Amino acid sequence: MTHPAICLPTLIAHRGYSAAAPENTLTAVRAAHQAGATWVELDVQLLGDGTPVIWHDSDINRCSDQRGELASLTWQRAQQLDVGSWFGDAFAGERMASLEAMLALLNELNMGVNLEIKVNKGRDPIALVETVLPVVLAALPAERLIVSSFDAQALARCRLIAPKEALALGVLFGSIPPTWRSQCEAVEAFSIHPHWPRLKHTQAAAMRRDGYEILCYTANDPGAFESRWNWGIASAITDEPEAFQRYLNNRRQHG
């Protein structure tokens, strides 16, 4: 059996349109859609009471008006946080997005998502996957979903829950380890998500030969990234989808 028939876009908006709105919020995803993005990359974690939310950090210090660990919050407490003012006054009163609300918005906008299972230090990858994945699989068609992670345990549990024809898995890497191939084979991965400055041309060529799609993060300088397109990169995950798209359009016009 093959993977879902996913049509990858050239650009994926990182944590929504995170250069224009507070990251991982409903507003950031709406902004990405308005800017023409068809896919977003988002992070999912659990609060202390087990509620799945769209959030990157292990704490709330950077992206809210309060301080503390995500793992100590209840949903009721999380909804009292202002997660927009840190980004700009125009976003004051923005609330943390539940997974459920985000999935509903993605369906409303007909957008695809690269959903990262974000396993921060000390958190349980199995509990996270078993809470999140059934909800996501029930909400989104397989063609609009890639689930990715740095965490091998999380990816293995995902694959245990859903076969490769029902769920595309992406393996995240900082530097590409010598064991990348066996790690990807172990979970029947659809895609590899490298930190783009650390990816070597020879590695990209081997990945493409093996049939993997390559989604590079986080590319915000389209000029510096330009040579990578010739390596067979499928998508660039970017904070700046509009600026990146303008660059690509201009290159096509004058190419």
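Here the structure is shown first, and the text comes after it.
Just so it is clear, the structure is predicted and the values come from calculations on it, not from any experiment.

J.: Would you mind going over the overall build of the chain with me for this structure?
T.: Helix and strand counts for the chain stand at nine helices and nine strands. Expected size for 255 residues packed as a compact globule is a radius of gyration near 18 Å; at 18 Å, the chain falls within 12% of this value. Dimensions of the chain, computed from C-alpha atoms along their principal axes, come out at roughly 50 × 45 × 30 Å. Per-residue burial over the chain gives 53% buried out of 255 residues. Contacts spanning at least 24 positions in sequence make up 57% of the contacts within the chain whose residues lie at least 6 apart.

J.: Is there a simple way to think about helix H3 (residues 99–109) in this case?
T.: Owing to its 3.6 residues per turn, the α-helix aligns residues three or four sequence positions apart on the same side. When H3 is considered as a whole, its buried residues turn out to be Leu-99, Met-102, Leu-103, Leu-105, Leu-106 and Leu-109. Angular distribution of buried residues about the axis of H3 spans 160 degrees; they occupy a single face of the element. Residues of H3 that are exposed and point over 90 degrees away from its buried face: Glu-100 and Glu-108. Looking at the buried side of H3, the elements it contacts are helix H1 (26–34), strand E2 (39–46), strand E3 (52–54), strand E4 (112–117) and helix H4 (125–139). Remark: Asn-110 follows H3 within two positions and exhibits a positive phi of approximately 55 degrees.

J.: Would you mind showing me how to read the pattern of salt bridges here?
T.: All chains considered together, the criterion is met by nine salt bridges. Across the salt bridge formed by Arg-15 and Glu-23, the nearest N and O atoms sit 3.2 Å from each other. Of the two residues examined, Arg-15 and Glu-23, each falls in the buried class. Arg-181 serves as the salt-bridge partner of Asp-210, at 2.6 Å between the closest nitrogen and oxygen. Of this pair, Asp-210 sits in the loop between helix H7 (201–209) and strand E8 (213–216) while Arg-181 sits in helix H6 (residues 180–186), placing them 29 residues apart in sequence. Note on Asp-210: relative accessible area 34%, which makes it partly exposed. Among the residues examined, Arg-181 registers a relative accessible area of 34% and is labelled partly exposed. Each of the salt bridges in this network shares a partner with another, and the network as a whole consists of Arg-15, Glu-23, Asp-43, Asp-57 and Arg-62.

J.: Sorry, what's going on with helix H9 (residues 241–254) here?
T.: Between its first and last C-alpha atoms H9 spans 20 Å; for 14 residues at 1.5 Å apiece the expected length is 20 Å, and the two agree. For H9, the complete set of buried residues consists of Pro-241, Phe-244 and Leu-248. Around the axis of H9, the buried residues are gathered within 70 degrees of arc, so they sit on the same side. Facing away from the buried surface of H9 by more than 90 degrees, the exposed residues are Arg-246, Gln-253 and His-254. In the core, the buried residues of H9 are packed alongside strand E1 (11–14), helix H8 (222–225) and strand E9 (235–238).

J.: Even after reading the chapter, I still don't get unusual backbone geometry, so can you show me in this structure?
T.: Excluding glycine, a negative phi dihedral is what most residues carry, and trans is how most peptide bonds are arranged. The backbone of Asn-24 sits at a positive phi, close to 60 degrees, despite the residue not being glycine. Relative to the helices and strands, Asn-24 is located in the loop between E1 and H1. A residue is classified by how much of its surface remains accessible, and Asn-24, at 2% relative accessible area, is buried. Non-glycine residue Asn-110 carries a positive phi angle of around 55 degrees. Here Asn-110 lies in the loop between H3 and E4. Exposure remark for Asn-110: the relative accessible area of 55% places this residue in the exposed category.

What counts and what doesn't
- Residues numbered from 1 in each chain as written.
- Predicted model: local features only at pLDDT ≥ 70, side-chain atom pairs only at ≥ 80, totals over all residues.
- Heavy atoms only, no water.
- Helix = DSSP H or I, 4+ residues; strand = E, 2+ residues; numbered from the N terminus.
- Rg over C-alpha atoms; globule rule 2.2 N^0.38 Å.
- Buried < 20%, exposed > 50% of the residue type's maximum accessible area, 1.4 Å probe, protein only.
- Contact = heavy atoms within 4.5 Å.
- Arc of directions from axis to C-beta.
- Salt bridge = Lys/Arg side-chain N within 4 Å of Asp/Glu carboxyl O.
- Expected span 1.5 Å × (residues − 1).

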